[in-house]
Amino acid sequence: AQSVTQPDIHITVSEGASLELRCNYSYGATPYLFWYVQSPGQGLQLLLKYFSGDTLVQGIKGFEAEFKRSQSSFNLRKPSVHWSDAAEYFCAVGPVNFGNEKLTFGTGTRLTIIP
Amino acid sequence: DTEVTQTPKHLVMGMTNKKSLKCEQHMGHRAMYWYKQKAKKPPELMFVYSYEKLSINESVPSRFSPECPNSSLLNLHLHALQPEDSALYLCASSQERGRQFFGPGTRLTVL
């Protein structure tokens, strides 16, 4: 069975500081991994995804993530956070067969930005 | 047009009511999804439609009835819901593997 663990429920970071959100996964085959962001009262927006190839993935809004198979991790990073990055972040894993996608989401990490 | 719209934004209903949630996209996406999200929890997949046919039903109770009348529209019909069904209901669509576009959701309260 596939599963995702986000160990940090809540992280507080100063504006301009660097950020790393942790994600560990369990998946029987080659994983397809995703990071989504959800602002309060909104739907989810895809930040980036990893299918194969280069293990360092660049996404939108200056985010990147690194896939480490040996550690079963897919941590999200940003060198300098902005106040607008405050949101809930979800890591997800799943099979990716078009029209038959079943993503399993982690429990999320809430990011607070302080001035 | 690169968005998924959902109506209504908020819905309050009694346990004996029948109501429907609507989701629409005009991006030409051929897969559409319903998710349920409880407060401070991740989204949980309910249904997937692919090319207007139901491809995944995650053992959702029959009081939730999905419908895909055409490739742009997805409905979720609600009947005899329970208070524990109160949640944010998210719709999503996709046209390429692994890239789902989410709507803002309908916040449902069942009294």
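Before going into details, it helps to say that this report is about the structure given with it. For every chain, the first residue of its written sequence is number 1, and the numbers climb from 1 along that sequence. As a convention, the first chain written is A and the first ligand written is 1, with the rest following in written order. Side-chain atom pairs in this predicted model are given and counted only at pLDDT of 80 or more, local residue features only at pLDDT of at least 70, and totals for whole chains, interfaces and linings cover all residues. As a rule here, side-chain values come from all non-hydrogen atoms in the structure, and water together with hydrogens is ignored.

So, the overall build of chain A
Segments assigned H or I by DSSP are reported as helices when at least four residues long, segments assigned E as strands when at least two residues long, and all are numbered from the N terminus. What chain A contains, in helices and strands, is zero helices and 12 strands. Based on C-alpha atoms, the radius of gyration is set beside the globule rule, defined as 2.2 Å times the residue count to the power 0.38. Its C-alpha radius of gyration of 14 Å places chain A within 12% of the 13 Å reference for a compact globule of 115 residues. Projecting the C-alpha coordinates of chain A onto the three principal axes gives extents of approximately 40 × 30 × 25 Å. The burial tally for chain A puts 45% of its 115 residues in the buried class. Sequence-distant contacts in chain A: of pairs separated by 6 or more residues, those separated by 24 or more amount to 54%. Only protein chains enter the accessibility calculation, which uses a 1.4 Å probe; a residue is then buried when its area is under 20% of its type maximum, exposed when over 50%, and partly exposed in between. In this description, contact between two residues means that some pair of their heavy atoms is separated by no more than 4.5 Å.

Considering the state of the cysteines
Count a disulfide wherever a pair of cysteine sulfur atoms falls within 2.5 Å. With the rule as written, the count across this model stands at two disulfides over all chains. One disulfide bridge connects Cys 23 of chain A with Cys 91 of chain A, the sulfur atoms lying 2.0 Å from each other. When the S-S torsion is -65°, as for the bridge of Cys 23 of chain A with Cys 91 of chain A, the disulfide is left-handed. Of the two residues, Cys 23 of chain A sits in the loop between strand S3 (19-21) and strand S4 (24-26) while Cys 91 of chain A sits in strand S10 (residues 87-94), which places them 68 residues apart along the sequence. Under the relative-accessibility criterion, Cys 91 of chain A is labelled buried at 0%. Each disulfide pairs two cysteine sulfurs, and for Cys 23 of chain B the partner residue is Cys 91 of chain B, the sulfurs being separated by 1.9 Å.

Points about the nonpolar core
Residues and elements named next belong to chain A. The set of buried Ala, Val, Leu, Ile, Met, Phe, Trp, Tyr and Cys residues whose side-chain atoms join them within 4.5 Å is what this entry labels a nonpolar core. Grouped together as the largest cluster of nonpolar side chains are 26 residues, with contacts concentrated most on Leu 19, Trp 35, Leu 47, Leu 48, Phe 74, Leu 76 and Tyr 89. Put simply, the parts of the chain that give this core at least two residues each are strand S2 (10-14), S3, strand S5 (32-38), strand S6 (44-50), strand S8 (64-68), strand S9 (73-78), S10 and strand S12 (109-114). Ranked by residues supplied to this core, first place goes to S10 with four residues. Apart from residues no more than four positions distant in its own chain, Leu 76 is found in contact with Leu 19, Glu 20, Leu 21, Trp 35, Leu 47, Leu 48, Phe 63, Glu 64, Ala 65 and Tyr 89.

Examining the environment of Lys 22 of chain B
Residues and elements named next belong to chain B. With respect to the element layout, Lys 22 can be found in strand S3 (residues 18-25). Along the chain, Lys 22 and Leu 74 lie 52 residues apart, while their C-alpha atoms are 6.1 Å from each other. For Lys 22, the contacting residues outside a window of four places in its chain are Thr 5, Gln 6, Thr 7, Trp 34, Leu 73, Leu 74 and Asn 75.

What to know about the interface of chain A and chain B
Opposite the 22 residues of chain A that make contact, chain B presents 27 residues. A simple way to read buried area is as the amount of 1.4 Å-probe accessible surface that goes missing from two parts once joined, with both sides added. Across the chain A/chain B interface, buried area totals approximately 2,000 Å², and carbon plus sulfur atoms make up 54% of it. Any pair of N or O atoms that falls within 3.5 Å is considered a polar contact. Within protein, one atom must be able to donate a hydrogen and the other to accept it, and sequence-neighbouring residues count only if both atoms are side-chain atoms. Seen at the junction of chain A and chain B, the total is two residue pairs in polar contact (both at pLDDT 80 or more). If you list the elements that add at least two residues to the side of chain A that touches chain B, you get S5 and S6 of chain A. Here the side of chain A that touches chain B takes four residues from S5 of chain A, the largest share from any one element. For the side of chain A that touches chain B, the class distribution of residues is 11 nonpolar, eight polar and three charged. Gly falls in the polar group here, along with every residue not listed as nonpolar (Ala, Val, Leu, Ile, Met, Phe, Trp, Tyr, Cys, Pro) or charged (Asp, Glu, Lys, Arg).

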